[in-house]
Amino acid sequence: MKIKYISKLFMTLVIILGIVGCSSLLDVKDTSSTQGKKIDTAGKLAVHFLDVGQGSSEFLISPTGKVMLIDTGDIDKEAIMMKHLKDYQINRIDILVLTHAHADHIGTASAIINNFDVGKIYMPKVGNTTKTYETLLKTIQNKKLKVTTAKAGIKLDWDEQVQVEMVAPVKANYEDLNDTSAVLKVTYGENSFLFTGDAERESEKDMLNLKADLSANVLAVGHHGSNTSSTNAFLDKVKPTYAVIQVGADNKYGHPTDATLNRLSKKNIKVFRNDLNGTVSAVADGKRIEFSTER
Ligand SMILES: [Zn+2]
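Residues numbered from 1 in each chain as written. Predicted model: local features only at pLDDT ≥ 70, side-chain atom pairs only at ≥ 80, totals over all residues. Heavy atoms only, no water.

Participant: Give a detailed account of the coordination of the zinc ion, specifying residues and quantitative values.
Facilitator: Every protein donor of the zinc ion is accounted for by Asp-104 (OD), His-105 (NE2), Asp-198 (OD) and His-224 (NE2), and the metal-donor separations fall at 2.1 Å. One chain supplies every donor to the zinc ion, and in sequence these donors are spaced D-H-x92-D-x25-H. You can see Asp-104 sitting in helix 3 (residues 103–106) and its partner Asp-198 sitting in the loop between strand 10 (191–195) and helix 6 (201–210), a full 94 residues away along the chain. (Donors = N, O, S within 2.8 Å, 3.2 Å for Na, K, Ca; no water. Helix = DSSP H or I, 4+ residues; strand = E, 2+ residues; numbered from the N terminus.)

Participant: How would you explain the pairing of strand 13 (residues 270–273) if you had to name every residue and give the values?
Facilitator: Regular strands place side chains that alternate from one sheet face to the opposite one. Taken together, the four bridges between strand 12 (residues 242–245) and strand 13 define a ladder with parallel strand orientation. Its bridge partner lying in strand 13, Val-244 is registered against Phe-272. Between strand 12 and its parallel partner strand 13, the chain crosses via helix 8 (residues 258–266), and the hand of that crossover is right-handed. (Pairing = 2+ DSSP bridges. Right-handed = clockwise from strand over helix to strand, strands pointing away.)

Participant: Before we move on, could you go through the pattern of salt bridges and cite the residues and values that matter?
Facilitator: Within this structure, the stated rule accounts for 12 salt bridges. A salt bridge links Arg-92 to Asp-117; its shortest N-O distance comes to 3.2 Å. Residue Arg-92 is located in strand 4 (residues 92–97), and its partner Asp-117 is located in strand 5 (residues 117–123); the two are separated by 25 residues in the primary sequence. Of the residues examined, Asp-117 reaches a relative accessible area of 42% and is grouped as partly exposed. For Asp-236, the salt bridge goes to Lys-267, with nearest N and O atoms at 3.0 Å. On the criterion of sequence distance, the pair formed by Asp-236 in helix 7 (residues 232–238) and Lys-267 in the loop between helix 8 and strand 13 is long-range, its members being 31 residues apart. Taken together, the shared-partner salt bridges connect Arg-92, Asp-94 and Asp-117 into one network. (Salt bridge = Lys/Arg side-chain N within 4 Å of Asp/Glu carboxyl O. Buried < 20%, exposed > 50% of the residue type's maximum accessible area, 1.4 Å probe, protein only.)

Participant: A description of the nonpolar core should follow, citing residues and the corresponding values.
Facilitator: If you look at soluble globular proteins, the nonpolar side chains tend to sit buried side by side. Residues Phe-59, Ile-93 and Leu-136 are the most contacted members of the largest nonpolar core, which totals 31 residues. Those elements that provide at least two residues to this core are strand 2 (58–61), strand 3 (67–70), helix 2 (78–87), strand 4, helix 4 (109–115), strand 5 and helix 5 (131–142). Per-element accounting of this core gives the leading share, four residues, to helix 4. Contacts of Phe-59, omitting those with residues within four sequence positions, involve Ala-46, Val-47, His-48, Leu-50, Val-67, Met-68, Leu-69, Leu-85, Tyr-88 and Ile-90. Residues Leu-60, Val-162, Val-164 and Val-280 belong to the second largest nonpolar core, which totals 30 residues. (Core = buried A, V, L, I, M, F, W, Y, C linked by side-chain atoms within 4.5 Å. Contact = heavy atoms within 4.5 Å.)

Participant: Can you tell me about helix 6, naming the residues and giving the values?
Facilitator: By the burial criterion, the buried members of helix 6 are Ser-203, Glu-204, Asp-206 and Met-207. Viewed along the axis of helix 6, the buried residues span an arc of 160 degrees, placing them on a single side of the element. Next to the buried residues of helix 6 lie strand 8 (162–168), strand 9 (183–188) and helix 7. Lys-211 lies just past helix 6 and shows a positive phi near 65 degrees. (Arc of directions from axis to C-beta.)

Participant: Can you explain the sheet that holds strand 2? Please cite residues and give values.
Facilitator: On the basis of which strands lie adjacent, the open sheet formed by eight strands has the order 6-5-4-3-2-1-14-15 and mixed pairing. Every interior strand has two partners, whereas the edge strands, strand 6 (147–149) and strand 15 (289–293), have only one. Sheet twist, expressed as the average angle between the axes of neighbouring strands with direction ignored, equals 20 degrees. The sheet contact formed by strand 14 (residues 280–284) and strand 15 spans five bridges and is antiparallel. When the bridges of strand 15 are listed, Val-283 appears paired with Glu-290. Where helix 5 meets the sheet, its contacts fall on strand 5 and strand 6, and the angle it forms with strand 5 comes to roughly 130 degrees. (Axes fitted to C-alpha atoms, helices over the stretch in contact; angles between N-to-C directions.)

In structure tokens, the structure reads:
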């Protein structure tokens, strides 16, 4: 009886050790695949539309390895954001753009500023009265970082080979906080991207009146595919080939709306979505853009 019991215990131990061994092997596999991600994009502009559920975060690596983060996902996405950033093996964020003061864009910004070496921060002038926003301001102050006000016409100094220009907010104030969103056009050779935050009709109208060159191969669709963004006039001006919608599955807002999806599909724009595709990555070599998705 006793021998049987010991052999049973031994078998259990073997099984447990086996499981532990397997999981550490998986960790090793994880690391090597992320190293691959970094090497692949050297000399290219890599844009990762990170899957942060309902919210936005776009992570860019320049041809010379400079890092820009546009938005940081919602407050409950800290662990996910840290994992994403760890995956790309970075310790410095040269430019952090917080498009506007809503939690689904600035949610983990304090944690990121506390955990990474952050260079320049861009934010629109209009703030918010939420605890998340107040904590963010305190964190920036504690780290002795300066904020540059986001507004149309600013050129960002990021990588010599890449032009980064802000095309919104055109006005200092808007009735809706979404319209205060910083909108960025990023151009590398013949490839261009337009990141629109949650800019809606009002801001789109102002951008159109600016007469700036809004054309882009890839459009980060405004306000998670809400019907209040991506007007026909705006889409006709941007003329994207691809669109990425940063949206979480089964969100309470009904994003993206059918109306927006219809407008995009009528213009033959190929759509990627975080809720369906996971993290969406676009790698531009200055002539061609190659997309890959997590699923
Ligand atoms: Zn949002």
